[in-house]
Amino acid sequence: QQQFRQDLFYRIHGFTLLLQPLRQRGDFAELASQLAQRLAGVPVPISPEFMQLLRRHDWPGNIRQLEMVLRTALALREDAHTPLQPGHLSAGFLAQLSTGTMPPAAAPASKMQALQAQALTEALQQHGGNATAAARSLGISRATFYRKLRQYGC
């Protein structure tokens, strides 16, 4: 709308920096690891499957979007020593992978989800419907157990 004074613009416009899109960066894995460590405050182990899913995304929101995905995954971990796994990715992120322009390799994530859902229901059956005991047998918190039950519609 030409409402910004040109002389003021040139006072603050000293340097233009063009950054590659996140999806084209050669140091993506290192960047994701460093960002996860910064968010967690400690080094964060990341499974190869988790990193593979991150690499397959086209990242229209660039680093801010990656930061939010990692922040969510870190919040979904059971404890600080658990490596980030595909199961820590939100359903929305996984849905973007399966409906986006990515190659149809989203099957491992859905297969993993099916295996997790099966493990949840089997543990619940083995413990006679006692969610606390089932969660303990799987090595996860009761809150995580309930969240995953809801997530997988068990």
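Structure shown above.
Residues numbered from 1 in each chain as written. Predicted model: local features only at pLDDT ≥ 70, side-chain atom pairs only at ≥ 80, totals over all residues. Heavy atoms only, no water.

Novice: What's the story with the packing of helix α7 (residues 131-138) against helix α8 (residues 142-152) in this structure? I'm lost.
Specialist: For any two helices packed against each other, the geometry comes down to the angle between their axes and how far apart the axes lie. The contact between α7 and α8 brings their axes to 8 Å, and the two run at 100°. Looking at the two axes, α7 sits roughly perpendicular to α8. Residue-level inspection shows Ala131, Thr132, Ala134, Ala135 and Leu138 of α7 in contact with α8, the latter providing Arg142, Phe145 and Tyr146. Across the contact of α7 with α8, the residue classes break down as six nonpolar, one polar and one charged. (Axes fitted to C-alpha atoms, helices over the stretch in contact; angles between N-to-C directions. Helix = DSSP H or I, 4+ residues; strand = E, 2+ residues; numbered from the N terminus. Parallel < 35°, antiparallel > 145°, perpendicular 65-115°, else oblique. Contact = heavy atoms within 4.5 Å. Nonpolar A, V, L, I, M, F, W, Y, C, P; charged D, E, K, R; others polar.)

Novice: What exactly am I supposed to notice about helix α4 (residues 62-76) here?
Specialist: Note on helix geometry: an α-helix contains 3.6 residues per turn, so any two residues three or four positions apart are oriented the same way. Taking 1.5 Å of rise per residue, 15 residues should cover 21 Å, and α4 covers 22 Å from first to last C-alpha, within 8% of that figure. The complete set of buried residues in α4 reads Gln65, Leu66, Glu67, Val69, Leu70, Ala73, Leu74 and Leu76. (Expected span 1.5 Å × (residues − 1). Buried < 20%, exposed > 50% of the residue type's maximum accessible area, 1.4 Å probe, protein only.)

Novice: It is not clear to me how the environment of arginine 23 should be interpreted in this structure. Could you clarify?
Specialist: Among the secondary structure elements, arginine 23 is positioned in the loop between α1 (6-12) and α2 (28-40). In the structure, arginine 23 is positioned 32 residues away from arginine 55 in sequence and 7.1 Å away in space, judged by C-alpha atoms. The residues touching arginine 23, leaving out its near neighbours within four places in the chain, are His57, Asp58 and Trp59.

Novice: Would you take a moment to explain α7 for this structure?
Specialist: Buried residues of α7: Ala131, Ala133, Ala134 and Ala135, and no others. Measuring from the backbone nitrogen of threonine 132 back to the side-chain oxygen at the start of α7 gives 3.1 Å, which picks out asparagine 130 as the cap. Positive phi appears at glycine 139, one or two residues downstream of α7, with a value of about 75°. (Polar contact = N/O pair within 3.5 Å; in protein donor to acceptor, adjacent residues only side chain to side chain.)

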